[in-house]
Protein chains: 2
Amino acid sequence: MNITSFGSRVEAYRQRVEAALDRCIPAPGTYPARLHEAMRYSTQGGKRLRALLVYAAGEVLALDPEALDAPACALELIHAYSLVHDDLPSMDDDDLRRGRPTTHKQYDEATAILVGDGLQALAFAVLAREGQHLVAAQRLQMISTLARASGSCGMVGGQAVDLESEQRSLTLAELECLHMHKTGALILASLMLVTQASAFADAGWFNALERYGRLIGLAYQIQDDVLDIEGSSADLGKTAGKDVAAHKSTYPSLMGLDPAKRRAAQLFDEARTALAVFGDRAEPLVWLADHIQGRKH
Amino acid sequence: MNITSFGSRVEAYRQRVEAALDRCIPAPGTYPARLHEAMRYSTQGGKRLRALLVYAAGEVLALDPEALDAPACALELIHAYSLVHDDLPSMDDDDLRRGRPTTHKQYDEATAILVGDGLQALAFAVLAREGQHLVAAQRLQMISTLARASGSCGMVGGQAVDLESEQRSLTLAELECLHMHKTGALILASLMLVTQASAFADAGWFNALERYGRLIGLAYQIQDDVLDIEGSSADLGKTAGKDVAAHKSTYPSLMGLDPAKRRAAQLFDEARTALAVFGDRAEPLVWLADHIQGRKH
C-alpha cells in the first residue's frame, strides 16, 4: 500500500481518467466533426468523483490502475451524458454546467440529445474493448452492472421520478428512493465495478465497499440539496437556488436545513465506519469521504 | 435447412422477438411505472426488419434461434430508441410513428428522452445477460459491434449529419455516406451479430453476409426516400412528403425519381447476388430482400 495520502495522488488520477476520456472520444475532425467536438466539450470539467471512487477503491483492493481505466472512463461517460440530457429545456432547463454553457446552449438542442446518445454508446464500447487487464467475463459483468445502474431501474428511472415529483410533495422515504436511483445507483456502481475487476472475491470486503457506496451516494445527494441553498452559482458552476425556486422536495425542505446537514454528516461517518474491515488500507476511501464532505460544489 | 419458404416463418419470428422484448422490459408497475409503460409503448409495432435479418441470416448459417433472441432484441431496442429520439421536436419533429402518436406526443418530451436513454441501456443489458447459448467473448464482441454501429461513428453520427444537411444541398456521395451511417450501420450490424453468434468462422460466408447487409441497408434508404414521395401517411404509419416539404437532399431529388428507383432495384439485385456462395441455403435472405423490395411502408 501507499504510505502517502490518497490526496497526494488525486490530481494524477483526475488527469489519468481525463486522458482516457480524450483517447476514447474519436479524434478531432472525425466524421461527423461537430458532433465529436460537442462530445468532447461535454466531457470536460467536473470533479471526476466516480473515477476517483474507482481508483481509490482499487488502491484499497491493491488492483493495478491500468485495469481500472476502462470502468473509470465508462462511468464518467455515463455521468456526462446524464448531465447533458438532464440540462435540456424539457428536463431541468439549465444554462450553466461545470462553469460553462450547457451543451444545448453551446451547440443546440438536437446536438445535445445526440451527444448524450453517443456518449452512452461509447461507455459500453469502452468496457467491451479488448485489453490485457480484464477477462471477458469481468467486462461482461461490468457492462451488465453499468447498464442496470444507469438504466430505467437506476439513474434514468430516478430522473423520471424527479421530473414527476416537481408537481407534488414527496415523503422523505420517496425522496430517498428517488435519490438512491438518480445519483446513488451510479455511485454504488463505481464501487461494484472495482470489485468486479478484482480477481479474488471476498464477500466481507465487497459488502463493505458496496455499503460505503450506498452511504456516500445518499450523503452526496443530501449535500447537493444543502449546497443548492447555501452555495453560490460561481462555486457550484451551475445555477444555485433552483430547488427552492421550483418548490422541489429536498432534504432541507422536508427535514429543515440543520437536520439535513446532521443527517449528511452521520451518513459520512457511517460510510467511514463501513471501511473498518480494511484497517489502515482504507485510507484512500476515507480521504475521499472527507474530501466529498468538505466540498463547496 | 427448412424446405418451406422463410415467408411461412416470418410471423413466428416477429412474435418471437416481440415476446423477447416484452420479457426484457421491466414488468408493468415496476418503479417508475410511467417510464416503463412508455418504454413498452415505444417498442410496440414496427416491421422488425432488423430482427428478421438476424433470424434469416441465422437460418442460413444453421444457428439455433435461441442464440439469436438476445441480439435480435438488442437491435430492436436500439432501433426503437433512435426513433423516439429522432421524432423529438428539436430533431425531426414528428407526431406519428408506426401509425400511433410518437412517444413525446403520447407522454411528454422529457419522458421521451428518458425512454430513449433507458432503451439504449437495456439493449446492452440484454446482450450482457448470461445465457447458455453464447460464450462471454461472443457477447462482448456483439456489444462492441452494436455500440460502434449505433454510436457517434454510426447511427447517431448519421442523424447528426442529417440534421446539419437540412440547411444545404448534399452531393450524392455525401448523401450515401450519411445513409450508410444513419440507417446502414445498424442493418449491417444485424448481419455482423449473427456471424459473431456462429461458433465457426468462414471468411467467405461472413464477407457475403456483410456485403448483403451493406447493399440492403443502402437500398432500404433509397426506397424510404421514394416512399416518402409515392407513399401515403396511412401506409407509412408516419408523415409522408416530409423530405420534399423540408427541401431535404434525397436520392429522388438528386437523381430523379425513376433513376432512384432503378438504383434501388439494382442494389437489391446485387444483394441477392452476394448470397450466391450459400446456394439454395440463401433462401431466407433472398426472401427478405424480395419482401423489403416490395414493401409499401
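Residues numbered from 1 in each chain as written. Chains lettered and ligands numbered in written order. Predicted model: local features only at pLDDT ≥ 70, side-chain atom pairs only at ≥ 80, totals over all residues. Heavy atoms only, no water.

Peer 1: In this structure, what is going on with the packing of helix H7 (residues 136-150) of chain B against helix H9 (residues 172-197) of chain B? I would like to understand it.
Peer 2: If you want to describe how two helices pack, look at the angle between their axes and the distance between the axes. Residue and element names in this part refer to chain B. Orientation of H7 relative to H9, taken along the N-to-C sense of each, is 170 degrees, at an axis distance of 10 Å. Relative to H9, H7 is oriented roughly antiparallel. Taking contact as the criterion, the partners of Gln138, Gln141, Met142, Thr145, Leu146 and Ala149 in H7 are, on H9, Ala185, Leu186, Ala189, Met192, Leu193, Gln196 and Ala197. Here the contact of H7 with H9 is built from residues that sort into 9 nonpolar, 4 polar and no charged. (Axes fitted to C-alpha atoms, helices over the stretch in contact; angles between N-to-C directions. Helix = DSSP H or I, 4+ residues; strand = E, 2+ residues; numbered from the N terminus. Parallel < 35°, antiparallel > 145°, perpendicular 65-115°, else oblique. Contact = heavy atoms within 4.5 Å. Nonpolar A, V, L, I, M, F, W, Y, C, P; charged D, E, K, R; others polar.)

Peer 1: Just to check I follow, could you spell out the pattern of salt bridges for this structure?
Peer 2: A side chain with one charge may pair with a side chain of the opposite charge, provided their charged atoms come close. Applying the stated criterion to the full structure yields 34 salt bridges over all chains. Of the charged contacts, one joins Asp290 of chain A and Arg272 of chain A as a salt bridge, the two residues approaching to 2.6 Å between their closest N and O atoms. Separated by 18 residues along the polypeptide, Asp290 of chain A in helix H15 (residues 283-293) and Arg272 of chain A in helix H14 (residues 257-274) bring together distant segments of the chain. Under the relative-accessibility criterion, Asp290 of chain A is labelled partly exposed at 39%. For Asp22 of chain B, the salt bridge goes to Arg40 of chain B, with nearest N and O atoms at 2.9 Å. One end of the pair, Asp22 of chain B, is in helix H1 (residues 10-24); the other, Arg40 of chain B, is in helix H2 (residues 33-43), with 18 residues separating them in the sequence. Assessed through its relative accessible area of 12%, Arg40 of chain B is described here as buried. One continuous salt-bridge network, built from bridges that share partners, spans Arg16, Glu66 and Asp69 of chain A. (Salt bridge = Lys/Arg side-chain N within 4 Å of Asp/Glu carboxyl O. Buried < 20%, exposed > 50% of the residue type's maximum accessible area, 1.4 Å probe, protein only.)

Peer 1: Mind showing me how you'd approach the environment of Asp162 of chain B here?
Peer 2: Residues and elements named next belong to chain B. Considering the arrangement of structural elements, one finds Asp162 in helix H8 (residues 155-164). Placed 150 residues apart in sequence, Asp162 and Ala12 show a C-alpha to C-alpha distance of 35 Å. With residues near it in sequence (within four places) discarded, Asp162 still touches Leu178, Lys182 and Lys248.

Peer 1: Please explain the interface of chain B and chain A as it appears in this structure.
Peer 2: Frequently, the measure chosen for interface size is the accessible area that the parts lose on association. With 47 residues of chain B at the contact, the number on the chain A side is 47 residues. Carbon and sulfur atoms make up 72% of the area that chain B and chain A hide from each other, which totals about 3,700 Å². Of all residues in chain B, Tyr31, Leu114 and Leu140 of chain B give up the largest surface area on contact with chain A, accounting jointly for 17% of the area buried on that side. For the interface between chain B and chain A, the tally reads 0 salt bridges. Joining chain B to chain A, the criterion identifies 8 residue pairs in polar contact (both at pLDDT 80 or more). For the side of chain B that touches chain A, the elements supplying multiple residues, two or more each, are H2, helix H4 (69-86), helix H6 (109-128), H7, H8 and H9 of chain B. For the side of chain B that touches chain A, the residue count by class is 27 nonpolar, 13 polar and 7 charged. (Buried area = accessible area lost by both parts, 1.4 Å probe. Polar contact = N/O pair within 3.5 Å; in protein donor to acceptor, adjacent residues only side chain to side chain.)

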